[in-house]
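Per-entry structural report
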Amino acid sequence: MSNDPNESEMPYDSCEDIGTPLNVQLCAKYKRSFAYITMKDRLPIILTQVIDHMSREKENIVNEYGKGALEELKIAIGKISKLKNELQTNKPLILLEGNASDVTIWNAFLKQLKDEEGNDPRWFHSAWLATECYMYRRLREAFELTDTLTSFDPFRSKKQAALLDSLGTINVLCTYVKRLVEQQNCHCSTDIKNEFMKLLYVDLWGNRCDLSLSGGEKVLMEEDPLQKIGQLTEYILIDEAEKVWNTLAVNREKSDVIVDMVLDNAGYELYTDLCLADLLVTFSLASQVRFRAKVLPWYVSDVCIPDFQWTLQILSNSENSEVSALANRWLGHMKSGKWVLCADEFWTLPHVFNQMQNVDPTLYQELSNAVLMIIKGDLNYRKLTGDINWEPTKPFSEALSGFRPTNIAALRTLKADTICGLLAGQAEDTAAKSSEWLISGQYAVVQYSSL
Ligand SMILES: O=P(O)(O)OC[C@@]1(O)O[C@H](CO)[C@@H](O)[C@@H]1O
Ligand SMILES: [Mn+2]
């Protein structure tokens, strides 16, 4: 039993004082896992911040959502407080209420989520992926069941601040991208490849900006991203960017070349996604980019439809003429159909990706029509590789366990204790440099799996 005085009050009955065993799904019952730290400390902090935000902003919320919102705010705060208590006292996960389209799938999932002894699922004793996704879905339920707050996003102000706090870096990147795409005819294919690689790495490191990991604390971007990527090469543990380029180059200027970009965080990361997507359509590496956003507020900073639309709008109204011009160019891509914004329920279900073909065959089929899926971020990587504590040298394509709708590029900064595809000894060498290498966001991978 730990000597943590707080812990003795919490019934973490059979949490084991070990790390996650090999080839087992990440779970908070292993006290030396990031799952345990997340469940015990990080998620309660995020829920507390939501409650504080709602209390502090109640007048503004009532102004925006109507006076009926005041009473419903109080009820929602009560539900979120109850959710936090259930989590902290390791209670069984209860079924979702309401008739939202995903409730049936969620509840079927929860009913099969028994533990080894066939007991009901609990926060510290069921798969971390399931319980953390469940927390965000229960948070959504607190608003979904109201009359006035059904569209309330408790993370909206944080996501908007994440963009506004990065305007310095955005301005620098904008100057570079605007000049690049406006001189589109004076670049030979070598140039285009070089520019693609630069924006791919800028997009990769944009994933460091994640408010879930930071527990909602601001993540400021202040430097020149193009300079910065040159200094970060050593932190890319696996770099298959060349294979990503080759998949695009071989299909360049063909018709019907679709690239799906599965988005992660709003703010600066989304801006880097848009910059990369502009290069893809401008230099005919893709005839269409389909952005895959979330249908509900997710892991604090993930992109929902309103966040995407707000980002384009706020930038198109920027006082900086270059930022405004580039954003208007992007609104043009949306209007022309070169860019499409999609939101699919699957990305906010608890399922790992190799279950997609059964759970959402339509989405799987759609993705199969793309030449490439660019999958952003840590949570998506965890779902992609089954959220299993693989041997670090497990080949990436094997870890996908049969999920292969098309060619896949995963761009991830490491923020959870699972990895695959490393060379022999690479995990040990990196751990010797930084004990937090798997969870700090300091290291990254660009991993590729061909169809
Ligand atoms: O997917 P993202 O935004 O890159 O990271 C999501 C994250 O912050 O949330 C989970 C832990 O709470 C981990 O997957 C990771 O640390
Ligand atoms: Mn995220």
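Rules used throughout
- Residues numbered from 1 in each chain as written.
- Chains lettered and ligands numbered in written order.
- Predicted model: local features only at pLDDT ≥ 70, side-chain atom pairs only at ≥ 80, totals over all residues.
- Heavy atoms only, no water.
- Helix = DSSP H or I, 4+ residues; strand = E, 2+ residues; numbered from the N terminus.
- Rg over C-alpha atoms; globule rule 2.2 N^0.38 Å.
- Buried < 20%, exposed > 50% of the residue type's maximum accessible area, 1.4 Å probe, protein only.
- Contact = heavy atoms within 4.5 Å.
- Areas by Shrake-Rupley, 256 points an atom, 1.4 Å probe, with all protein chains shown as cover.
- Lys, Arg positive; Asp, Glu negative; His and termini not counted.
- Charge placed at Lys NZ, Arg CZ, Asp CG, Glu CD.
- Expected span 1.5 Å × (residues − 1).
- Patch = residues over 30% accessible without salt bridge, like charges linked within 9 Å, V, L, I, M, F, W, Y side chains within 5 Å.
- Salt bridge = Lys/Arg side-chain N within 4 Å of Asp/Glu carboxyl O.
- Donors = N, O, S within 2.8 Å, 3.2 Å for Na, K, Ca; no water.
- Pairing = 2+ DSSP bridges.
- Axes fitted to C-alpha atoms, helices over the stretch in contact; angles between N-to-C directions.
- Parallel < 35°, antiparallel > 145°, perpendicular 65-115°, else oblique.
- Left-handed = near helix turned anticlockwise from the far one by under 90°.
- pLDDT = per-residue confidence, 0-100.
- Disulfide = S-S within 2.5 Å.
- Phe/Tyr/Trp six-rings, centres within 6.5 Å; stacked < 30°, edge-to-face > 60°.
- Lys NZ or Arg CZ within 6 Å of the ring centre and 35° of its normal.

Re the overall build of the protein
In terms of helices and strands, the protein carries 18 helices and seven strands. Its C-alpha atoms give the protein a radius of gyration of 22 Å, within 12% of the compact-globule value 22 Å for 451 residues. Seen through its principal axes, the protein has C-alpha atoms that stretch 65 × 60 × 40 Å. A total of 451 residues make up the protein; the buried ones form 57% of that total. Taking contacts inside the protein between residues at least 6 apart in sequence as the whole, the part at least 24 apart equals 79%. Carbon together with sulfur atoms contributes 49% to the accessible area of the protein, which is approximately 18100 Å² in total. Positive and negative side-chain charges of the protein, numbering 46 and 62 respectively, have mean locations separated by a distance of 2 Å.

Brief notes about helix H5 (residues 128–144)
For H5, which comprises 17 residues, the first-to-last C-alpha distance of 24 Å matches the rise-based estimate of 24 Å (1.5 Å per residue) to within 8%. Among the 17 residues that make up H5, 17 are buried, leaving the element largely enclosed by the rest of the structure.

What about a nonpolar patch on the surface?
A cluster of nonpolar residues, Leu164, Leu167 and Ile314, forms a patch on the protein surface that exposes about 210 Å² of accessible area. Relative to the helices and strands, Leu167 resides in helix H7 (residues 167–182). The class of Leu167 is partly exposed, set by a relative accessible area of 32%.

Details of the environment of Gln227
With respect to the element layout, Gln227 can be found in helix H9 (residues 225–231). Sequence-wise, Gln227 and Met356 are 129 residues apart; in three dimensions their C-alpha atoms are separated by 39 Å.

Digging into the coordination of the manganese ion (ligand 2)
Here the manganese ion (ligand 2) is held by Asp264 (OD), Asn265 (OD1) and Asp302 (OD), and the distances to it run 2.1 to 2.3 Å. Positions of the donor residues of the manganese ion (ligand 2), expressed as sequence spacing, correspond to D-N-x36-D. Taken together, the positions of Asp264 in the loop between strand S2 (258–262) and helix H11 (268–282) and Asp302 in the loop between strand S3 (288–293) and helix H12 (305–316) put the pair 38 residues apart, joining distant regions of the chain. Considered together, Asp264 and Asp302 belong to a single accessibility category, that of buried residues.

Regarding the pattern of salt bridges
Taken as a whole and assessed by the stated rule, the structure comprises 30 salt bridges. Residue Glu144 pairs with Arg140 through a salt bridge whose shortest N-O separation is 3.8 Å. Here Glu144 pairs with Arg140, and both are found in helix H5, just four residues apart, close to one helical turn. Taking relative accessible area as the criterion, Arg140 reaches 15% and is therefore assigned buried. Glu253 is the partner of Arg252 in a salt bridge, and the nearest nitrogen-oxygen pair spans 3.9 Å.

Section: the sheet that holds strand S1 (residues 236–239)
Across the sheet, which stays open at both edges, the seven strands sit in the order S1-S7-S6-S5-S2-S3-S4 with mixed pairing between neighbours. Lying at the two open borders of the sheet, with one neighbouring strand each, are S1 and strand S4 (339–343). For this sheet the average axis-to-axis angle between neighbouring strands, irrespective of direction, equals 15°. Bridge analysis of S2 against S3 gives five bridges, and the strand direction is parallel. Across the sheet, the residue bridging to Val259 is Val289, located in S3.

Some remarks on the packing of H7 against helix H13 (residues 321–336)
Closest axis-to-axis distance for the H7/H13 pair is 9 Å, and the angle between their directions is 55°. Relative to H13, the element H7 lies oblique. In the crossing of H7 with H13, the sense of the turn from one axis to the other is left-handed. Between H7, through Asn171, Cys174, Thr175, Val177, Lys178 and Val181, and H13, the contact on the second element is made entirely by Glu322, Val323, Ala325, Leu326 and Arg329.

Side note on the confidence of the model for the protein
Scored by pLDDT, the protein comes out at a mean of 93, with 94% of its residues at no less than 70. Within the model, pLDDT remains below 50 along residues 5–9, and this stretch shows six contacts once partners closer than five positions in the same chain are excluded. Here the complex is predicted with pTM 0.95, and the ipTM for its interfaces comes to 0.99.

So, the state of the cysteines
Under the criterion given, the structure shown has zero disulfides. Cys174 carries a free sulfur, and the closest cysteine sulfur to it, the one in Cys275, is 7.4 Å from it. Cys304 supplies the cysteine sulfur nearest to Cys342, a cysteine that is in no disulfide, at a spacing of 14 Å.

Brief notes about the pairing of strand S7 (residues 444–449)
Of all six residues that make up S7, six are buried, and the element is covered over most of its length. Side-chain alternation along S7 places Ala444, Val446 and Tyr448 on one buried face and Val445, Gln447 and Ser449 on a second face that is also buried. Direction of pairing for S1 relative to S7: parallel, over a ladder of three bridges. Counted as the bridge partner of Ile236 is Ala444 from S7.

Digging into the packing of aromatic side chains
For any pair of aromatic rings, the description consists of the separation of the ring centres together with the inter-plane angle of the planes. All chains considered together, the criterion is met by 23 aromatic pairs. A ring pair is formed by Tyr364 and Phe403, whose centres lie 5.8 Å apart and whose planes are at 75°; its orientation type is edge-to-face. Of this pair, Tyr364 sits in helix H15 (residues 361–368) while Phe403 sits in the loop between helix H17 (396–399) and strand S6 (407–413); the two residues are 39 residues apart in sequence, bridging distant segments of the chain. Per residue, the accessibility class of Tyr364 equals that of Phe403, and both read buried. Following the ring pairs from residue to residue traces out a cluster consisting of Tyr271, Phe291, Phe308, Trp330 and Trp339. Here the basic side chain of Arg382 rests over the ring of Trp128, its NZ or CZ set 3.7 Å away from the ring centre.

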